[in-house]
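The lines below spell out each chain.
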Amino acid sequence: MLYDRYGRLAFTLALRVLGDAGAAEDVVQEAFLAVWRRAASYRPERGSLRTWVCSIVHHRAIDRLRGRSGRARLDLSLDKAPPEVALSDTWETVAADLEREHIRRALAELPDEQRRTIELAYYAGYSQSEISSLMKVPLGTVKGRTRMALRRLRSTLERQGVEWSVT
Amino acid sequence: MERDVTCDDCDLLLAAHAVGALDLDDERRLVVHLQGCAGCQASAAAYLHTADLLPLALEPVTPPPALRSRLLARVHAEVAGEERSRPRRAPLRERLWRTLPAGRGLTAMGAVAAMAAVVLAVWSFAIPHRQASPPGVLVSRACGLTPLPSACGELSYTPATHQSVLTVQGLPPLPVANSAPLGGYAVWLIHRNGSPVLGAYLEPAPDGRTWAAVLEGDASSYVAVATTHEPRIGSAVPTGPELLRISRPLTPPS
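Looking only at helices and strands, chain B features 6 helices and 11 strands. With 254 residues in all, chain B has 52% of them scored as buried. Considering only contacts in chain B between residues 6 or more positions apart, those separated by 24 or more positions represent 59%. Accessible surface for chain B amounts to roughly 11500 Å². Of this, 59% is attributable to carbon and sulfur atoms.

Here it is in structure tokens:
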């Protein structure tokens, strides 16, 4: 079942965000229940299952980290995904085949401030305004670093031979 | 007055959204722009997929096995509760079987079907009028022992998935201490030598009357399951009186 395939990744992500195994278990359980309840809304052409699951886990973990009970979030990867975006499952396969070290290496190639920016956002749940305060840089700088980090990460992985399936 | 979001603005917002750092006001602006911009819609997917690589760089941590059992038990409890609240609805069993994928490829609906294959085993127990169990599911039933004769349960085993599902009715609500349930109903796997091994904890359905647990592993490794109330979660041995014992199913249901 889906949990057998992505449960470990989901738990790893939730644990990294929350830092507490019990809380991570709660988030993973609720996330997979959400997947189960919303399965009918999943559209393979709009994104991989891995992306779908990771998005739900990440959103719920961040919500819990911020003490939110789940405010409405922009959820582009799920049932509100843009209808014109067509993604094949190739990415899922590619991602599964990627060596962890390749991704780590790509992250390590990022300038420290860029890597730190996306880590503060993705794992610590800080908004860009909060990151701006934390890093004592203008908000525009945070936005630019975030975009550049993701672009460079993608570019580096492409150089490693990753074929992107976004068409 | 707030100016319109340009595609370059949107690109910045999409990157922030992909890592979960978008401020609320920016979310609203982003949504408005995306509704009319196909180019930025495509960019949104690209950023999301890049961000979703981040957890793959983490050292994997395996979740506790009990998490899987709890998840499946919750699924069952929800299914059972849903059906109880809508007794005249078309049988979910039929709807679930219709969702089974023709191929072996994993899809979300396939995942639902995989879960459904488990909960189907207990489905007939949760509805007022029992129906035949799905093919390939072995079932045994029993009612409670002296301490709690009102409790009745059903143990369903699906050899193809090596999963057993125990459903029990007639259990009283858990005692409450400091506004929280005290302990839980433990399910013990009774091995041939009589030794009990903790298998799972029963989870209540929303109606509070049906309890369920999913047991992993080959059913041939144990001869029966027993239920006790354990005041302390995590006890390695039974401490409460045995409330119910059901032998492992051996023959297909008639």
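Read on for the rest.
Before going further, it helps to spend a moment on the confidence of the model for chain A. Residue and element names in this part refer to chain A. Averaged over every residue, the pLDDT of chain A is 78; the share at 70 or more is 72%. Averaged over each element, pLDDT in chain A is lowest for helix H4 (residues 90-97) (52) and highest for helix H6 (residues 112-122) (94). Low pLDDT, under 50, characterises residues 69-90; the stretch is placed with 70 contacts to residues that sit more than four places away or in other chains.

With that out of the way, let us pick up the sheet that holds strand S11 (residues 242-247) of chain B. Residues and elements named next belong to chain B. Pairing is antiparallel in the open sheet, where 4 strands are placed in the order S7-S6-S10-S11. Of all strands in the sheet, those with a lone pairing partner are strand S7 (196-201) and S11, marking the two edges. Ignoring which end each strand starts from, the neighbouring axes of this sheet average 30° apart. The pairing of strand S6 (residues 184-190) with strand S10 (residues 224-230) spans 7 bridges and is antiparallel. The residue of S10 that forms the bridge with Gly184 is Glu230.

Below, the discussion takes up the packing of helix H7 (residues 128-135) of chain A against helix H8 (residues 139-159) of chain A. All names here are of chain A. In contact at an axis separation of 8 Å, H7 and H8 are set at 110° when each is read in the N-to-C sense. Judged on the interaxial angle alone, H8 and H7 are roughly perpendicular. In this structure, H7 uses Gln128, Ser129, Ile131, Ser132 and Met135 to contact H8, whose residues at the interface are Leu139, Val142, Lys143, Arg145 and Thr146. Classifying every residue of the contact of H7 with H8 by side-chain character gives 4 nonpolar, 4 polar and 2 charged.

All right, on to the state of the cysteines then. All names here are of chain B. According to the stated counting rule, one finds 1 disulfide over all chains in the structure shown. Covalent S-S linkage joins Cys143 and Cys152, the inter-sulfur distance amounting to 2.0 Å. Negative torsions about the S-S bond denote left-handed disulfides, and the value of about 100° found for Cys143 with Cys152 makes this one right-handed. Residue class for Cys143 comes out partly exposed when judged on its relative accessible area of 43%. Residue Cys152 is classed as partly exposed on the basis of its relative accessible area, which comes to 25%.

Before going further, it helps to spend a moment on the pattern of salt bridges. All names here are of chain A. Applying the stated criterion across every chain, the model contains 16 salt bridges over all chains. The salt bridge involving Arg159 is made with Glu109; its shortest N-O contact spans 3.2 Å. Of the two residues, Arg159 sits in helix H8 while Glu109 sits in the loop between helix H5 (100-108) and H6, which places them 50 residues apart along the sequence. Residue class for Arg159 comes out exposed when judged on its relative accessible area of 58%.

Side chains on a regular strand alternate between the two faces of the sheet. Residue and element names in this part refer to chain B. Within strand S2 (residues 152-158), 6 of the 7 residues are buried, leaving the element largely enclosed by the surrounding structure. Bridge count between strand S1 (residues 138-143) and S2: 6 bridges; the pairing is antiparallel. By the bridge assignment for S2, Cys143 is matched with Cys152.

Right, let's get into unusual backbone geometry. Unusually for a residue other than glycine, Lys136 of chain A sits at a positive phi of about 55°. The residue Lys136 of chain A is located in the loop between H7 and H8 in this model.

Attention now goes to the pairing of S6 of chain B. Residue and element names in this part refer to chain B. For S6, the tally of buried residues reaches 7 of 7 residues, placing the bulk of the element in the interior. As paired strands, S6 and S7 are joined by 5 bridges and run antiparallel to one another. Bridge pairing in S7 places Trp188 opposite Leu198. Once S6 ends, the chain turns through 5 residues before running back antiparallel as S7, passing Gly194 with a positive phi of about 90°.

Reading the values: rules and limits
- Residues numbered from 1 in each chain as written.
- Chains lettered and ligands numbered in written order.
- Predicted model: local features only at pLDDT ≥ 70, side-chain atom pairs only at ≥ 80, totals over all residues.
- Heavy atoms only, no water.
- Helix = DSSP H or I, 4+ residues; strand = E, 2+ residues; numbered from the N terminus.
- Buried < 20%, exposed > 50% of the residue type's maximum accessible area, 1.4 Å probe, protein only.
- Contact = heavy atoms within 4.5 Å.
- Areas by Shrake-Rupley, 256 points an atom, 1.4 Å probe, with all protein chains shown as cover.
- pLDDT = per-residue confidence, 0-100.
- Pairing = 2+ DSSP bridges.
- Axes fitted to C-alpha atoms, helices over the stretch in contact; angles between N-to-C directions.
- Parallel < 35°, antiparallel > 145°, perpendicular 65-115°, else oblique.
- Nonpolar A, V, L, I, M, F, W, Y, C, P; charged D, E, K, R; others polar.
- Disulfide = S-S within 2.5 Å.
- Salt bridge = Lys/Arg side-chain N within 4 Å of Asp/Glu carboxyl O.

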